[in-house]
Amino acid sequence: MLKKDVHDFWEQESCGEAYAIGSERAEQLRSHARTRYALEPYIPAFARFDEGSGRRVLEIGVGMGADHVEWARHHPALLVGMDFTGRALDHTRTRLHVERCESRLLRADAEHLPFADGAFELVYSWGVLHHSPDTAQAVREVHRVLAPGGIARVMIYHRRSIVGWLLWLKYGLISGRPFRSLDDIYAHHLESPGTKAYSVAGARRLFAGFASTAVTPFLSFADLLQGAAGTRHAGAIDAVVRRLWPRWLIRRFFGSCGLYLLVDARKEPAS
Ligand SMILES: C[S@@+](CC[C@H](N)C(=O)[O-])C[C@H]1O[C@@H](n2cnc3c(N)ncnc32)[C@H](O)[C@@H]1O
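This is a predicted model, so every value here is computed, not measured.

1. Section: helix α1 (residues 2–12)
The periodicity of an α-helix, 3.6 residues per turn, causes residues three or four places apart in sequence to face the same way.
Thought 1: Buried residues of α1: Val6, His7 and Trp10, and no others. Seen along its axis, α1 keeps its buried residues to an arc of 100 degrees; they face one direction.
Thought 2: Tucked into the core, α1 has its buried residues touching α5 (86–98) and β3 (104–107).

Below you can see the structure in the form of structure tokens.
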């Protein structure tokens, strides 16, 4: 039961909890958001939270809820946030309360969204759909719940990435298994079991039901070994590697080898 394993993985610890530092809950959640946007300033740039203003917005996989509060701050006509773990919903509910924001939160599975066809004008999901066992079904659901002309903004993982190659070095080459595929490495060593990563063409195929789709590979903080990225894979030489990591070279020559694929897809407008 892969779905249950994925659920149990995220129920143990939500994504980014390492950044929730402080003695009180409000302080922890604010510390998490500060670190998140300091490390990943490209998230607001991609999400364009201001475009939620006056629209019906759905966020799939709210996690610790930092982005969800940003959507709420821009006063959507309707805001719904969902996740299939109680832990993520608890973080997000508390954060909404702390920041005096409103949203409807519910526990649901991305592969079976409990909403009518065309219920939303914007669907946002950051780093979620590649964890769900049937990602193609989750994308079909995104398309279904979007109104004609609606926008999907989704981040999924990119197969040809520096993070993938680093994991392959550790769990493939150095472990004496050089023929392990990147897909196998992602499924077993990057976050929840069964995590998938896509080529640009593969991502376009996933979103083929949309009228237009832009897919952009993007260097993440994890490719640049910033923050706590990858520390659960760290060995004794981690600190040295982090210090010597040639970030300028990676930015200059490997900009298209980032872990993230930023997908901006539009549903066919009404005729
Ligand atoms: C890597 S976290 C990302 C969370 C948040 N979007 C962020 O950027 O921090 C993945 C989240 O997706 C949720 N998730 C994974 N598969 C799901 C599914 N099929 N339905 C609903 N939520 C799912 C997990 O519970 C987890 O909270």
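Next comes the rest of the write-up.
2. Quick notes on helix α2 (residues 25–39)
Thought 1: When the terminal C-alpha atoms of α2 are compared, their 21 Å separation across 15 residues agrees well with the 21 Å that a helix rising 1.5 Å per residue should span.
Thought 2: Structurally, α2 contributes buried residues whose contacts are with α3 (42–47), α4 (66–73), α5 and β4 (120–126).

3. Description of the nonpolar core
Thought 1: Residues Trp71, Tyr124, Trp126, Tyr157, Leu190, Leu259 and Tyr260 are the most contacted members of the largest nonpolar core, which totals 36 residues.
Thought 2: Mapped onto this core, the elements with two or more residues apiece are α2, α3, α4, β4, β5 (146–157), α7 (162–173), α8 (182–189) and β7 (260–266).
Thought 3: Apart from residues lying up to four places away in sequence, Leu259 is in contact with Ile156, Tyr157, His158, Ser161, Val163, Tyr186, Leu190, Phe218, Ser220 and Asp223.
Thought 4: Core analysis: the next-biggest nonpolar cluster, separate from the first, contains 29 residues, Ala110, Leu113, Ala152 and Val154 among them.

4. A closer look at the pattern of salt bridges
Thought 1: In total, this model carries 20 salt bridges according to the counting rule given.
Thought 2: With its nearest N and O atoms 3.3 Å apart, the salt bridge here joins Lys3 to Glu111. Of this pair, Lys3 sits in helix α1 while Glu111 sits in the loop between β3 and β4, and the two are 108 residues apart along the sequence.
Thought 3: Given a relative accessible area of 22%, Lys3 falls into the partly exposed group.

5. Quick look at the site of the ligand
Thought 1: Inspection of the region around the ligand gives 18 residues, with Arg36, Gly61, Asp83, Ala110 and Ser132 positioned closest.
Thought 2: Separating an oxygen atom of the ligand from a side-chain N or O atom of Asp83 is a distance of 2.6 Å.
Thought 3: The backbone of Trp126 places a nitrogen or oxygen atom 2.9 Å from a nitrogen atom of the ligand.
Thought 4: Expressed as a share of its isolated accessible area of 600 Å², the protein-covered part of the ligand is 98%.
Thought 5: Partitioning the shell around the ligand into residue classes produces nine nonpolar, six polar and three charged.

6. Quick word on the sheet that holds β7
Thought 1: An order of β3-β2-β1-β4-β5-β7-β6 is seen for the seven strands of this open sheet, with the pairing classed as mixed. Unpaired on one side and paired on the other, β3 and β6 (212–218) mark the two borders of the sheet. Each strand of the sheet is rotated relative to its neighbour by a mean of 15 degrees, with strand direction disregarded.
Thought 2: Two strands pair when backbone bridges link them, and β6 and β7 are joined in this way by seven bridges, in the antiparallel orientation. Note that in β7 the partner of Val215 across the bridge is Val263.
Thought 3: Strands in contact with α5 are β2 (78–83) and β3; relative to β3, the strand with the most contacts, it is inclined by about 170 degrees.

7. Description of the packing of aromatic side chains
Thought 1: On inspection of all chains with the given rule, the structure shows 12 aromatic pairs.
Thought 2: With a centroid separation of 5.9 Å and 70 degrees between ring planes, the pair formed by Tyr42 and Tyr260 is classed as edge-to-face. Placement of Tyr42 in helix α3 and of Tyr260 in strand β7 is noted, with a sequence separation of 218 residues between them. Accessibility assignment for this pair places Tyr42 and Tyr260 in one class, buried.
Thought 3: Here Phe115 and Phe120 contribute two aromatic rings whose centre-to-centre distance is 5.1 Å and whose plane-to-plane angle is 85 degrees, an arrangement assigned as edge-to-face.
Thought 4: Aromatic rings pair up to connect Tyr42, Phe46, Trp126, Tyr157, Phe218 and Tyr260 into one cluster.

8. Re the side chain of Glu141
Thought 1: Its location among the elements puts Glu141 in helix α6 (residues 135–145).
Thought 2: For Glu141, a relative accessible area of 9% corresponds to the buried category.
Thought 3: At a separation of 2.7 Å, a polar atom in the side chain of Glu141 contacts the side chain of Arg144.
Thought 4: The contacts of Glu141, once residues within four sequence positions are left out, are Ala110, Glu111, His112 and Leu113.

9. Here's the deal with the packing of α4 against α5
Thought 1: Packing of α4 against α5 brings their axes to within 9 Å, and their N-to-C directions diverge by 40 degrees. Between α4 and α5, the angle falls in the class oblique. Crossing hand, α4 versus α5: right-handed. Of α5, the residues touching α4 (which contributes Ala66, His68, Val69 and Ala72) are Thr92, Arg95 and Leu96.
Thought 2: By residue class, the composition of the contact of α4 with α5 is four nonpolar, two polar and one charged.

Basis of the calculations
- Residues numbered from 1 in each chain as written.
- Predicted model: local features only at pLDDT ≥ 70, side-chain atom pairs only at ≥ 80, totals over all residues.
- Heavy atoms only, no water.
- Buried < 20%, exposed > 50% of the residue type's maximum accessible area, 1.4 Å probe, protein only.
- Helix = DSSP H or I, 4+ residues; strand = E, 2+ residues; numbered from the N terminus.
- Arc of directions from axis to C-beta.
- Contact = heavy atoms within 4.5 Å.
- Expected span 1.5 Å × (residues − 1).
- Core = buried A, V, L, I, M, F, W, Y, C linked by side-chain atoms within 4.5 Å.
- Salt bridge = Lys/Arg side-chain N within 4 Å of Asp/Glu carboxyl O.
- Near = heavy atom within 4 Å.
- Polar contact = N/O pair within 3.5 Å; in protein donor to acceptor, adjacent residues only side chain to side chain.
- Areas by Shrake-Rupley, 256 points an atom, 1.4 Å probe, with all protein chains shown as cover.
- Nonpolar A, V, L, I, M, F, W, Y, C, P; charged D, E, K, R; others polar.
- Pairing = 2+ DSSP bridges.
- Axes fitted to C-alpha atoms, helices over the stretch in contact; angles between N-to-C directions.
- Phe/Tyr/Trp six-rings, centres within 6.5 Å; stacked < 30°, edge-to-face > 60°.
- Parallel < 35°, antiparallel > 145°, perpendicular 65-115°, else oblique.
- Left-handed = near helix turned anticlockwise from the far one by under 90°.

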